[in-house]
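# Fold and contact review
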Amino acid sequence: MDVLTALLLLVHLIPVSTAKNGVSSKSRKRIMPDPVTEPPVTDPVYEALLYCNIPSVAERSMEGHAPHHFKLVSVHVFIRHGDRYPLYVIPKTKRPEIDCTLVANRKPYHPKLEAFVSHMSKGSGASFESPLNSLPLYPNHPLCEMGELTQTGVVQHLQNGQLLRDIYLKKHKLLPNDWSADQLYLETTGKSRTLQSGLALLYGFLPDFDWKKIYFRHQPSALFCSGTCYCPVRNQYLEKEQRRQYLLRLKNSQLEKTYGEMAKIVDVPTKQLRAANPIDSMLCHLCHNVSFPCTRNGCVDMEHFKVIKTHQIEDERERREKKLYLGYSLLGAHPILNQTIGRMQRATEGRKEELFALYSAHDVTLSPVLSALGLSEARFPRFAARLIFELWQDREKPNEHSVRILYNGVDVTFHTSFCQDHHKRSPKPMCPLENLVRFVKRDMFVALGGSSTNYYDACHREGF
Ligand SMILES: *[C@@H]1O[C@H](CO)[C@@H](O)[C@H](O)[C@H]1NC(C)=O
Ligand SMILES: *[C@@H]1O[C@H](CO)[C@@H](O)[C@H](O)[C@H]1NC(C)=O
């Protein structure tokens, strides 16, 4: 099957709204598994196209759903950057020709695209912690650089921002019209794609924001753990997890054969091809409807892609079962979750600061957080994935605060390990904040199975 056929298949698999991107808040995209349209077995091409997250498909979202007597107190948004150019090239092939400039007459388009570019060109270095101030504020290369955010990536986050604007600002009045700088908390890793994704979301959320009220902090670690990153036990879990991954790969003879065939086509040793992580580049071809590369020895094709992607899916399945990644995740996600509950607790005390927090991050950020929360069934973070924590106050019982957790618009609160059976025992529509706090302060270490009940001990456990 060629790329075009795959994309045509997508059109049949996912109902496509004809509404213009994000213009109508009534337009809906299917996100929850739908027995009618979702294939019963995991289809690698279908999974890959969900990962692309190609815009133009409007979206069903459950953010902000609450009984009328609940008041929204604060919102904490974790995103993966949008669609990007590959990080690796397939050796000895022409890299895909993708244009990373932002132009109106190219799809996908968003009505705020030109205004976004114009607003970004007015931005000043004062809004960014060093070294962010040396990064370009929007993608601008006629041939994308490695890892650069594409127009697709910008549109994805303009849409995310606009969706959150409609729900949190227009409907729930999270921020006053004259919001101030300290009501936002903005943090990003030091890559241009995360900074630009954060800016696109922020622009969709607060169009034409005042640059003087914006300050992006720089986060050096993809785990968002700066200051508390040192954790030897976490690294041991990671090494064991990598070993598991390696052994699974060795067992897959079809995968080895596929790498061998592809290596022959591009005329490099198999080892070199594998090291070039060809799936990353192939996904870019697929997401952008660019045919896979050819040489005079033949073409990389959809069958190769399917074998590698299928292996990736199997790898994720085994990863869930073996729990090594869970150990890594519980320790890796603690600092950012701890930071988040700290922010929530301050908001429950009536402080009006950091009511909207945005962390612009990577798949290797979101994935451990999902796993640590017990959301192991959640799909791997697609481009422009969003994970949101909402904090609510019951107006009828002002001392009670509750949280909702949403992943790509789906309410997953009662799938988390700290609130799994809550709704079976309680009629409350949300999870008590105490559950999340208890989990982050203590239970996530207990879940590791040792005797540690805090981060430091769990990170330094002997004899692990
Ligand atoms: C994919 O590209 C082909 C040309 O290579 C084009 O004819 C087709 O319309 C494109 N498909 C989609 C879904 O954009
Ligand atoms: C957790 O957050 C609190 C502040 O809310 C801080 O004092 C503490 O050091 C943090 N712990 C870790 C391990 O990050």
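An unreviewed UniProt entry lists the protein under the name 2-phosphoxylose phosphatase 1, with Macaca fascicularis as the source organism. For the protein, the Subcellular location (unreviewed entry) comment in UniProt is given as "Golgi apparatus membrane".

Here we take up the side chain of Glu187. Looking at the secondary structure, you find Glu187 in strand 2 (residues 184-189). One buried charge, Glu187, has no salt-bridge partner; the nearest side chain with opposite charge is Arg343, at 5.4 Å. Those residues within four positions of Glu187 in sequence are excluded, and the remaining contacts are Phe216, Arg217, Gln219, Phe224, Gln339, Leu358, Tyr359 and Ser360.

Quick look at helix 6 (residues 232-251) now. Relative to the 28 Å expected for 20 residues at 1.5 Å per residue, helix 6 spans 29 Å between its end C-alpha atoms, a close match to the ideal helical length. Among the residues making up helix 6, those that are buried are Val233, Arg234, Tyr237, Glu241, Arg244 and Leu248. With its buried residues spanning 105 degrees around the axis, helix 6 presents them on a single face. Structurally, helix 6 contributes buried residues whose contacts are with helix 10 (302-322), helix 11 (324-348) and helix 15 (455-459).

The subject of this paragraph is the site of ligand 2. Near ligand 2, the surroundings consist of Thr228, His334, Asn338, Gly342 and Tyr455. Here Asn338 contributes a side-chain N or O atom positioned 2.4 Å from an oxygen atom of ligand 2. Looking at the shell around ligand 2, the element that brings in the most residues is helix 11, giving three residues.

Okay, the packing of aromatic side chains next. What the rule picks out here adds up to 15 aromatic pairs. A connected cluster of aromatic rings, assembled from ring pairs, spans Phe116, Phe128, Tyr203, Phe209, Trp211 and Phe216. The residue whose ring lies beneath Lys309 is Tyr51, and the NZ or CZ to ring-centre distance is 5.6 Å. Lying across the ring of Tyr325, Arg319 places its NZ or CZ 4.0 Å from the centre.

Attention now moves to a nonpolar patch on the surface. A cluster of nonpolar side chains, contributed by Tyr246, Leu247 and Leu250, occupies part of the molecular surface with about 260 Å² of accessible area. Residue Leu250 is classed as partly exposed on the basis of its relative accessible area of 44%.

Before going further, it helps to examine the nonpolar core. Formed by 52 residues in total, the largest nonpolar core has its most connected members in Leu331, Leu373, Leu387 and Phe389. Sorting elements by how many residues they give to this core places helix 11 first, with 10 residues. Not counting residues within four places of it along the chain, the set of residues in contact with Leu387 comprises His76, Val77, Phe78, Val369, Leu370, Leu373, Ile405, Leu406 and Tyr407. Residues Val77, Met120, Leu186 and Ala200 belong to the second largest nonpolar core, which totals 46 residues.

Inspection of the entire model under this criterion finds one cavity of 30 Å³ or more. Ranked by the residues each element gives to the lining of the largest cavity, the list is headed by helix 9 (residues 278-287), at three residues. Grouping the constituent residues of the lining of the largest cavity by class yields five nonpolar, no polar and two charged.

This part is about helix 2 (residues 44-52). The buried fraction of helix 2 is high, at nine of nine residues. When helix 2 is considered as a whole, its buried residues turn out to be Pro44, Val45, Tyr46, Glu47, Ala48, Leu49, Leu50, Tyr51 and Cys52. For helix 2, the N-terminal cap is Asp43; the gap from its side-chain oxygen to the backbone nitrogen of Val45 is 2.8 Å. Within two residues after helix 2, Asn53 carries a phi angle of roughly 55 degrees, on the positive side.

Another point: the state of the cysteines. What the rule picks out here adds up to six disulfides. One disulfide in the model links Cys294 with Cys299; its S-S distance is 1.9 Å. The sign of the S-S torsion, about 100 degrees, decides the handedness of the disulfide formed by Cys294 and Cys299: right-handed. What makes Cys294 partly exposed here is its relative accessible area of 46%. The class for Cys299 is partly exposed, based on a relative accessible area of 36%. Two residues share a disulfide in this structure: Cys419 and Cys431, whose sulfurs sit 1.9 Å from each other. Between Cys419 and Cys431, the S-S dihedral sits near 105 degrees, and the bridge is therefore right-handed. One end of the pair, Cys419, is in the loop between strand 9 (410-411) and helix 13 (422-425); the other, Cys431, is in strand 10 (residues 431-432), and 12 residues separate them in sequence. This pair shows no difference in class: Cys419 is buried, exactly as Cys431 is. Along the protein, the cysteines that take part in disulfide bonds pair up as 1-7, 2-3, 4-5, 6-12, 8-9, 10-11, counted in sequence order.

The rules behind these values
- Residues numbered from 1 in each chain as written.
- Chains lettered and ligands numbered in written order.
- Predicted model: local features only at pLDDT ≥ 70, side-chain atom pairs only at ≥ 80, totals over all residues.
- Heavy atoms only, no water.
- UniProt positions renumbered as here; feature names shortened; annotations may be inferred.
- Helix = DSSP H or I, 4+ residues; strand = E, 2+ residues; numbered from the N terminus.
- Buried < 20%, exposed > 50% of the residue type's maximum accessible area, 1.4 Å probe, protein only.
- Lys, Arg positive; Asp, Glu negative; His and termini not counted.
- Salt bridge = Lys/Arg side-chain N within 4 Å of Asp/Glu carboxyl O.
- Contact = heavy atoms within 4.5 Å.
- Expected span 1.5 Å × (residues − 1).
- Arc of directions from axis to C-beta.
- Near = heavy atom within 4 Å.
- Polar contact = N/O pair within 3.5 Å; in protein donor to acceptor, adjacent residues only side chain to side chain.
- Phe/Tyr/Trp six-rings, centres within 6.5 Å; stacked < 30°, edge-to-face > 60°.
- Lys NZ or Arg CZ within 6 Å of the ring centre and 35° of its normal.
- Patch = residues over 30% accessible without salt bridge, like charges linked within 9 Å, V, L, I, M, F, W, Y side chains within 5 Å.
- Areas by Shrake-Rupley, 256 points an atom, 1.4 Å probe, with all protein chains shown as cover.
- Core = buried A, V, L, I, M, F, W, Y, C linked by side-chain atoms within 4.5 Å.
- 1 Å grid on protein atoms, 1.4 Å probe; cavity = no way out; pocket = protein on both sides within 12 Å on 5 of 7 lines; lining within 4 Å.
- Points joined across faces, edges and corners; volume = space filled by probe spheres on them.
- Nonpolar A, V, L, I, M, F, W, Y, C, P; charged D, E, K, R; others polar.
- Disulfide = S-S within 2.5 Å.

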